[in-house]
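Results of the structural survey
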Amino acid sequence: MDLNFTKEEIAFRDEARHFFRTAIPESIRAKVAEGEGLTRDDMITAQRILNARGWATPNWPVEWGGQDWSPVQVYLYQDEMQQANCPSPIAFNTSMVGPVIAQFGNEEMKRRFLPATANADIFWCQGFSEPGSGSDLASLRTKAERKGDKYIVNGQKIWTTLAQYADWIFCLVRTDPAAKQQEGISFLLIDMKTPGITVRPIVTMDGGREVNEVFFDNVEVPAENLVGRENKGWDYAKFLLGNERTGIARVGNSKAKIARIKELAALEFAGEQPLIQNARFLEKLAAVEVELKALEMTQLRVVSDERKLEKGKQNPASSILKLKGSVIQQQLTELLMEVVGPYVMPYQREFDGKNEPIVGPEYATEAAPMYFNYRKVSIYGGSNEIQRNIIAKAILGL
Amino acid sequence: MDLNFTKEEIAFRDEARHFFRTAIPESIRAKVAEGEGLTRDDMITAQRILNARGWATPNWPVEWGGQDWSPVQVYLYQDEMQQANCPSPIAFNTSMVGPVIAQFGNEEMKRRFLPATANADIFWCQGFSEPGSGSDLASLRTKAERKGDKYIVNGQKIWTTLAQYADWIFCLVRTDPAAKQQEGISFLLIDMKTPGITVRPIVTMDGGREVNEVFFDNVEVPAENLVGRENKGWDYAKFLLGNERTGIARVGNSKAKIARIKELAALEFAGEQPLIQNARFLEKLAAVEVELKALEMTQLRVVSDERKLEKGKQNPASSILKLKGSVIQQQLTELLMEVVGPYVMPYQREFDGKNEPIVGPEYATEAAPMYFNYRKVSIYGGSNEIQRNIIAKAILGL
Amino acid sequence: MDFDLSEDQRLLKESVDRFITDQYGFEQRKKYMREPAGYNPAMWDQITEIGLLGLPFEDTLGGFGGGGVETAIVMEAFGRGLVLEPYFATVILGGGLLRRAAPEATLGALAPRVAGGKLKLAFGHVERHSRYDLADVTTTARKDGSGYVLNGAKSVVIHGDAADKILLTARTGGERRDRAGIGLFMVDPTSPGVARRGYPTQDGLRAAEITLDNVRVSAGDVLNDNALPLIEHVVDEAIAALCAEAVGAMQVMQDLTLEYLKTRKQFGRPIGSFQVLQHRSVDMLVALEQARSMALFAAVMAEETNPIERRKAISAAKVQIGRSARHLGQEAIQLHGGIGMTNEYAVGHYFKRVTMIDQMFGDADTHLAFLARHGGLFGRAA
Amino acid sequence: MDFDLSEDQRLLKESVDRFITDQYGFEQRKKYMREPAGYNPAMWDQITEIGLLGLPFEDTLGGFGGGGVETAIVMEAFGRGLVLEPYFATVILGGGLLRRAAPEATLGALAPRVAGGKLKLAFGHVERHSRYDLADVTTTARKDGSGYVLNGAKSVVIHGDAADKILLTARTGGERRDRAGIGLFMVDPTSPGVARRGYPTQDGLRAAEITLDNVRVSAGDVLNDNALPLIEHVVDEAIAALCAEAVGAMQVMQDLTLEYLKTRKQFGRPIGSFQVLQHRSVDMLVALEQARSMALFAAVMAEETNPIERRKAISAAKVQIGRSARHLGQEAIQLHGGIGMTNEYAVGHYFKRVTMIDQMFGDADTHLAFLARHGGLFGRAA
């Protein structure tokens, strides 16, 4: 056992650190650090820089632009990217639909979509959840009827993140209404410009406009946009959801938040001392740091184990990454709010106002919205309750 | 609304305070304060002092020695008793079997048992739980077959607290094996000296010997020892368990523990200061004090509401008393252990050794055993999980 | 001891509750929020008509001499409605300061106008680096003839943009953070040298930044030149009021969550039938009832005259409310899932409000530290 | 980076695991506890035979030069067995002190005897009011010719009654709590002036009170006259060892609980089918895996030479282990219900052991305070 990184790993880490902190524009990284939303352009700009170096899609097959990295390298890549406040590649593109197309699409589909997806020439969004099917995804009802060489799609998706930015959407649709829940579902790629698609934003309580409803009204989709085989979409969805187990803990991200909290706590006063000298505050922060360090070690255990496990199998410890990672992220937003103090109160998201100068310190503006917004991390992508159900069955055998 | 006590209530409180602190021997109260176990004689001594004044059974009907106190008086009585580290009257006698006999027993049974029960001439224990029936009490299997003017009892009870002290046991027994679970159960009084009864102590992890198994092997019980009607025992048990909703929070007891913790924290050092000056320790303690104050107010709300509610109905707030009260009691044992520090380690329960002098400060000896022992308060008497099930159904309608 | 409301209190409660039920549904509130003022002037008039604006004043001044319990009755109902109008700023803070810290003549002149809905007030006490310390005042008041000249700035003045007059602290003597030498002044926001900038707050209410550049205050508008202990008493009353408001908001979150659990179906059954969600709802109930108890305690103790006992009790209440509200609020969002995250649905608005209440006049941990420093709530053994 | 065990480590693990599986079942342990010494001398011999007593020493001294990982492998297994023999006191503390703080000649003379099972050691560092501060030493060492004369007392010396020699701290200079002037001495418990009183501890192990009344220590038994930094390193290694032991104990509590949930029936079904108990078991798993990760971190960082980095890492691990073990242990008892409270059943014994481990060398909050005071684990932005 040797928990030190090898010389090669350290060289790779340093290379990544340098690259993320120099190649990605400072203006974009500052927005990530502050918790400000990125524009579509910001996201595409960052991804193209990564892609130019071949670092947008390291998890893809090498022939389609992937890197043959060791699990440790993947970990270092993510950790450095997050610590540098560099935006992650668009997850819908690189972690979700890309790997599905690479695994299950035909050659024609791969050629058509993969390079454009890697380079964010297509901006994807995900159409899985529906109003009636939150945690119970398999109960979805959006319907695609085969008519000649087309599917006619009718129904509604919800919680569609960044649909307003998207060129295409990948959807789970019901192609066999007679089949049992998980059977009869297909995986379909749909151009957002197709007539009959309506996007309605859902404003979240923090004032954000990340998520949407997407309505399909007799939307005609060429049959060649079906991924893999009809009625096998559930398998592809499971494959998709099973990817990216480790990045989900967002350790690097939380490290960046801790750095930020310490930075700001040196600027804010509690009585005669800066908050960074307040023992109670430091102990609260240190308690989260301990959990984060433990989570990082847990993640490294999982990462180091990956190459030894059969494809598709998981280290039991991997199951806790999302549960614990989400709680830590949320706790850090609480501490950030505490640092800011009374200045968390002004609400000054730019799209709400008239571009007036900021009230209070600039870093205060996103503290409360980030706290509100981060409640989602224990809800979206399989709520923590669903995670516990799954772990109890799959890992504990209960 | 007036949350001050009336002049009469204050007079009663002062009277109770004086009485508990003068009439009950200091030696007994010191044992309660330290968390040492009481002997059988201690318990009987204390109860007889209370009974002589008519204060052992205030909740009983007045004709059988009860007091016609207002709910506030009952609260003050309990609070002062607990704060004075005075032992509560033997619960099996005064809160459990006594009220059941008074309510459901015939005149003959009342005359035979109630005065002796009030005066602890009979020491009772409770035979409800069985090995197979923890939280699922109604699944009990101890059997009483009617043979002429006798019942023949066979079976086993478990977790029988202080059976080793008891003269009599009140039992739930199955008298109709054909009936559905909760029907077919009867409430039987059994003399512990009857042949066929074996008591086997269960040592708990703290080294305590409070609980026992009680075995019944063809035990002959006169039919006149049946309380009320055959096969109606479940109703009587529910009546019994529904009594004493308010005392269950043990607020006065926790107040006494806080006082004790502060007293000891002045004697123990953390660095150059006594622990009582350590900010972090004080904040941890204060956090519990806040919850305790809230619980006391909750209890007073319930108490003040009691006279307005129909007999048998409950204020929803009453449901949280045991849940919250048990957690607070447990947290205080953790803090007590923290005060003591390294000296919690020696194990020196007297029955284990040779009466050697104490290692470390005298108050250290019970700190860890009390922590271990108090894990029971969220288990016994309907575990906190069962409490939550009940509240979810009965109060929240889920 | 008696937890029953008096006849007058019962009537007060009925009328406030009716107002909220009739006028302050969630959809109605959304409309009020879109008014230019950020609240609905018609609602202000109704609140005036019911007579709530006179709460703290004697009847000779147009009020009804309400105390902690009456305040709690009103504020709990307002918490259920998430009332937008500047009641807390005008009556609880402003009215309280007039009553406790102003000369009798000033009180006599202004109280009837407050009670009549003609005068809206706000209280400026936060400064850039003061955090929650009322004694941390760097705004200066320089004696100038019979009046004063003020220089400095006040931050996050709740409903400062609606106020006709701003009450604010400025230092008449002593050093920054000294308890002595803190004056209380009344400033007309339209006076020369006063700049005011209003903005919405996270919870949909309003606040303002106020800057003071050589602002002259006449003798009549100097409410008190050494007022900290009196201000502290008013702030304690205000905290008690916020505790009651938070309980009202928490009750709604609890009700919404239970309603959702009973109606929302997943996996073919109401999600409220899942044991995990049942138990977590019970823990929310515990948090709510504990908070309700402490809000009551605060309501009563807000009138305590021993300042240390009063402040300890109020701090204890703020701790409990802060912790209960955080727990209950986070769980309410979590148990709702996605819908709970949206701005269209009510629960998030209550969550935001209780989050901001925790920030006002010191968060839970700040009050816990105060309480601990002063020996906690329960004495050592007698 | 590589989490795999080396071949030697794997062999070590196999042999220790086999020893625990074969020799240290819960019923077997009960018997060992009833031996007069409070442990089983035959087990001590077996531990000797496997070669575990030489763990920290070089092979020239009869050991195998094990480091943090090897220690963790042994201690985690010992945690699963709740081993009673004085291994921790003799090898981890005693052996560590010899290795890091004793003159080479002393190490050379004693290490082979320790490794051969002939010399049991213990370490006295707690005093009546020292709590967890290793520098809080009032026991005095007065220079006397080439040796010293000791006066004072040491408390709760783990396995002090089994030890052939007691290593202990005494002040050679400086004031109480000074970091300088803390000597490390070896005392024969049968020497004139030494009084020793052994007793069981809450977790079924043994400890002793040692009093020193003008005890003469010859020059050869003066291990070091100014040893605190070295002692701290050994204590950090000891904490890392206890973390591993706690993980072993936690794993068993988790396994016992799952086993119980799967077999115990209530209301006609295994209680493990109740969703609430499932979720709580998952939270126990989270606590366990986090603790396991930090025990690993501690094992590696125990060898770090930068003392502040080392101590911070070790403190972080002690925090995590303390919190995880308290949570997991309390839940393990709770989910077992009544049976979990009994002395006949295993889970309570593991619970008591992890509770005592939290008390050793500083509880979780003490270490959290240390960590916070030194800036936490993660730096400010690069």
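What you see is a predicted model; the values in this text were computed from it and never measured. (Residues numbered from 1 in each chain as written. Chains lettered and ligands numbered in written order. Predicted model: local features only at pLDDT ≥ 70, side-chain atom pairs only at ≥ 80, totals over all residues. Heavy atoms only, no water.)

**So, the overall build of chain A**
Tallying secondary structure elements over chain A gives twelve helices and nine strands in all. Here the C-alpha radius of gyration of chain A, 22 Å, is about what a compact globule of 398 residues would show, namely 21 Å. The principal-axis extents of the C-alpha atoms in chain A amount to approximately 75 × 55 × 45 Å. Looking at chain A residue by residue over its 398 residues, the buried ones come to 59%. Total accessible area on chain A is roughly 15,700 Å²; 49% of this is exposed by carbon and sulfur atoms. Across chain A, the 48 positively charged side chains and the 52 negatively charged ones have centroids separated by 4 Å. (Helix = DSSP H or I, 4+ residues; strand = E, 2+ residues; numbered from the N terminus. Rg over C-alpha atoms; globule rule 2.2 N^0.38 Å. Buried < 20%, exposed > 50% of the residue type's maximum accessible area, 1.4 Å probe, protein only. Areas by Shrake-Rupley, 256 points an atom, 1.4 Å probe, with all protein chains shown as cover. Lys, Arg positive; Asp, Glu negative; His and termini not counted. Charge placed at Lys NZ, Arg CZ, Asp CG, Glu CD.)

**Digging into the UniProt feature "domain: Acyl-CoA dehydrogenase/oxidase N-terminal" (unreviewed entry) in chain A**
Following the UniProt record, the feature "domain: Acyl-CoA dehydrogenase/oxidase N-terminal" (unreviewed entry) maps to residues 6-119 of chain A here. Overall, residues 6-119 of chain A shows 68% helix and 0% strand. The separation of its end C-alpha atoms is 32 Å. (UniProt positions renumbered as here; feature names shortened; annotations may be inferred.)

**Section: the interface of chain A and chain C**
Taken together, the 56 residues of chain A in the interface contact 45 residues of chain C. The contact between chain A and chain C buries some 4,300 Å² in all, and 55% of this surface belongs to carbon and sulfur atoms. Considering only the surface of chain A that becomes buried against chain C, Met205, Pro342 and Met345 of chain A emerge as the three largest contributors, covering 19% of it. Linking chain A with chain C are six salt bridges. Where chain A meets chain C, there are 28 residue pairs in polar contact (both at pLDDT 80 or more). Elements that contribute at least two residues to the side of chain A that touches chain C include exactly strand E6 (197-202), strand E8 (269-270), helix H9 (279-306), helix H10 (319-340), helix H11 (367-373) and helix H12 (384-394) of chain A. (Contact = heavy atoms within 4.5 Å. Buried area = accessible area lost by both parts, 1.4 Å probe. Salt bridge = Lys/Arg side-chain N within 4 Å of Asp/Glu carboxyl O. Polar contact = N/O pair within 3.5 Å; in protein donor to acceptor, adjacent residues only side chain to side chain.)

**A short note on helix H10 (residues 319-340) of chain B**
All names here are of chain B. For H10, built from 22 residues, the straight-helix expectation of 32 Å at 1.5 Å per residue is met to within 8% by its first-to-last C-alpha distance of 34 Å. Of all the 22 residues making up H10, 20 are buried; the element is thus mostly covered by neighbouring parts of the structure. Directly after H10, the chain includes Gly341, whose backbone phi takes a positive value near 70 degrees. (Expected span 1.5 Å × (residues − 1).)

**As for the UniProt feature "domain: Acyl-CoA dehydrogenase/oxidase C-terminal" (unreviewed entry) in chain C**
When the UniProt feature table is mapped to this numbering, "domain: Acyl-CoA dehydrogenase/oxidase C-terminal" (unreviewed entry) covers residues 240-374 of chain C. As annotated, residues 240-374 of chain C comprises 77% helix and 3% strand, and the C-alpha atoms at either end are separated by 19 Å.

**Looking at helix H2 (residues 26-33) of chain C**
All names here are of chain C. Among the residues of H2, those classed as buried are Phe26, Arg29, Lys30 and Tyr32. Down the axis of H2, the buried side of the element spans an arc of 160 degrees, and every buried residue falls inside it. Among the structural elements, helix H1 (7-23), helix H3 (41-50), helix H4 (68-81) and helix H10 (347-359) are those in contact with the buried residues of H2. (Arc of directions from axis to C-beta.)

**As for the environment of Ala37 of chain D**
Residues and elements named next belong to chain D. Looking at the secondary structure, you find Ala37 in the loop between helix H2 (26-33) and helix H3 (41-50). Overall, the relative accessible area of 33% leaves Ala37 in the partly exposed class. Once the C-alpha coordinates of Ala37 and Asp161 are considered, the two residues, 124 residues apart in sequence, prove to be 8.5 Å apart.

**Comments concerning the packing of aromatic side chains**
By the definition in use, this model includes 59 aromatic pairs over all chains. When the centroid spacing of 5.7 Å and the interplanar angle of 50 degrees are considered together, the rings of Tyr371 of chain A and Phe372 of chain A count as tilted. Both residues of the pair, Tyr371 of chain A and Phe372 of chain A, belong to the buried class. Consider the rings of Phe19 of chain C and Tyr24 of chain C, whose centres lie 6.1 Å apart with planes at 65 degrees: the pair is edge-to-face. (Phe/Tyr/Trp six-rings, centres within 6.5 Å; stacked < 30°, edge-to-face > 60°.)

**Topic: the interface of chain D and chain B**
Think of interface size as the accessible area that goes away when the parts come together; that is how it is often given. In this assembly, 45 residues from chain D lie in contact with 55 residues from chain B. Carbon and sulfur atoms make up 55% of the area that chain D and chain B hide from each other, which totals about 4,300 Å². Counting the surface chain D buries against chain B, the share from its top three residues, Arg131, Gln202 and Met341 of chain D, is 19%. For the interface between chain D and chain B, the tally reads six salt bridges. Between chain D and chain B we count 28 residue pairs in polar contact (both at pLDDT 80 or more) in total. Mapped by element, the contributors of at least two residues to the side of chain D that touches chain B are strand E3 (147-158), strand E6 (194-200), strand E9 (265-266), helix H8 (275-301), helix H9 (307-336), helix H10 (347-359) and helix H11 (364-373) of chain D. Looking at the side of chain D that touches chain B, its residues break down into 15 nonpolar, 17 polar and 13 charged. (Nonpolar A, V, L, I, M, F, W, Y, C, P; charged D, E, K, R; others polar.)

**Notes on the UniProt feature "domain: Acyl-CoA dehydrogenase/oxidase N-terminal" (unreviewed entry) in chain C**
Cross-referencing UniProt, the feature "domain: Acyl-CoA dehydrogenase/oxidase N-terminal" (unreviewed entry) maps to residues 6-115 of chain C in the present numbering. Each end of residues 6-115 of chain C is marked by a C-alpha atom, and these two atoms are 23 Å apart; helix forms 69% of the span and strand 0%.

**With respect to the domain arrangement of chain C**
Residues and elements named next belong to chain C. Under the domain assignment, chain C is made up of domain 1 (7-119), domain 2 (122-226) and domain 3 (229-373). Using only C-alpha atoms to locate each centre, domain 1 and domain 3 end up separated by 22 Å. Each partner contributes to the interface: domain 1 provides 22 residues, whereas domain 3 provides 26 residues. Among the residues of domain 1 in contact with domain 3, Phe26, Leu82 and Arg100 are the three that bury the most area, contributing 29% of the side total. Where domain 1 packs against domain 3, one counts three salt bridges. Here domain 1 is connected to domain 3 by six residue pairs in polar contact (both at pLDDT 80 or more). Counting only elements with at least two residues in the side of domain 1 that touches domain 3, the list comes to H2, H4 and helix H5 (87-101). Class assignment for the residues of the side of domain 1 that touches domain 3 results in ten nonpolar, six polar and six charged. (Domains from an automatic or database assignment.)

**Describing the packing of H10 of chain A against H12 of chain A**
Residues and elements named next belong to chain A. It is at 10 Å that the axes of H10 and H12 come closest, and there the two elements cross at 155 degrees. Taken as axis vectors, H10 and H12 run roughly antiparallel relative to one another. Crossing hand, H10 versus H12: left-handed. Together, Ser319, Lys322, Leu323, Ser326 and Val327 of H10 and Asn384, Gln387, Arg388 and Ile391 of H12 make up the contact between the two elements. A per-class count over the contact of H10 with H12 returns three nonpolar, four polar and two charged. (Axes fitted to C-alpha atoms, helices over the stretch in contact; angles between N-to-C directions. Parallel < 35°, antiparallel > 145°, perpendicular 65-115°, else oblique. Left-handed = near helix turned anticlockwise from the far one by under 90°.)

**Thoughts on the side chain of Thr106 of chain C**
By secondary structure assignment, the location of Thr106 of chain C is in helix H6 (residues 104-115). In contact with Thr106 of chain C, not counting residues within four places along its chain, are Gly220 and Leu223 of chain C.

**Things to note about the pairing of strand E1 (residues 121-124) of chain D**
Residue and element names in this part refer to chain D. Side chains Leu121 and Phe123 of E1 all project onto a buried face; the interleaved residues Ala122 and Gly124 project onto the opposite face, where all are buried too. Where E1 lies against strand E4 (residues 165-171), four bridges are found, and the strand directions are parallel. In the sheet register, Gly124 faces E4, and the bridge partner there is Leu168. (Pairing = 2+ DSSP bridges.)

**With respect to the pairing of strand E2 (residues 143-147) of chain A**
Residues and elements named next belong to chain A. By the bridge criterion, five bridges tie E2 to strand E3 (residues 150-157) in an arrangement that is antiparallel. Paired with Lys143 across the bridge in E3 is Asn154. Counted along the chain from E2 to the antiparallel partner E3, the turn is two residues long, and its residue Gly148 has a positive phi close to 65 degrees.

**Considering the environment of His367 of chain D**
In this structure, His367 of chain D sits in helix H11. Look at His367 of chain D and you get buried, because its relative accessible area is 10%.

**What about the side chain of Glu209 of chain D?**
With respect to the helices, strands and loops of the structure, Glu209 of chain D is situated in strand E7 (residues 206-217). The buried charged residue Glu209 of chain D lacks any salt bridge partner; its closest oppositely charged side chain belongs to Arg197 of chain D, at an N-O distance of 7.6 Å. A polar contact of 3.3 Å, which involves the side chain of Glu209 of chain D, links it to the side chain of Tyr343 of chain B. If near-sequence neighbours (up to four positions away) are discounted, Glu209 of chain D is found in contact with Tyr343 and Val359 of chain B together with Lys154, Ser155, Val156, Ala195, Arg196, Arg197 and Tyr199 of chain D.

**Focus on the UniProt feature "domain: Acyl-CoA oxidase/dehydrogenase middle" (unreviewed entry) in chain A**
In this structure's numbering, the residues bearing the UniProt feature "domain: Acyl-CoA oxidase/dehydrogenase middle" (unreviewed entry) are residues 125-219 of chain A. In this annotation, residues 125-219 of chain A is assigned 0% helix and 47% strand; the end-to-end C-alpha distance for the span is 17 Å.

**Considering the domain arrangement of chain A**
Each assigned domain of chain A is listed with its residue range as follows: domain 1 (7-89), domain 2 (124-231) and domain 3 (245-394). Just the C-alpha atoms count here: the centres of domain 1 of chain A and domain 2 of chain A sit 30 Å apart.

**So, the pattern of salt bridges**
Evaluation of the coordinates by the stated rule reveals 110 salt bridges over all chains. Across the pair Lys165 of chain C and Asp188 of chain C runs a salt bridge whose closest N-O atoms are separated by 3.6 Å. Residue Lys165 of chain C is found in strand E4 (residues 165-171), and its partner Asp188 of chain C is found in the loop between strand E5 (182-187) and strand E6 (194-200); the two are separated by 23 residues along the sequence. Residue class for Lys165 of chain C comes out buried when judged on its relative accessible area of 19%. A single salt-bridge network, built from bridges that share partners, covers Arg301 of chain A together with Lys13, Asp17, Glu76, Arg80, Glu289 and Arg292 of chain D.

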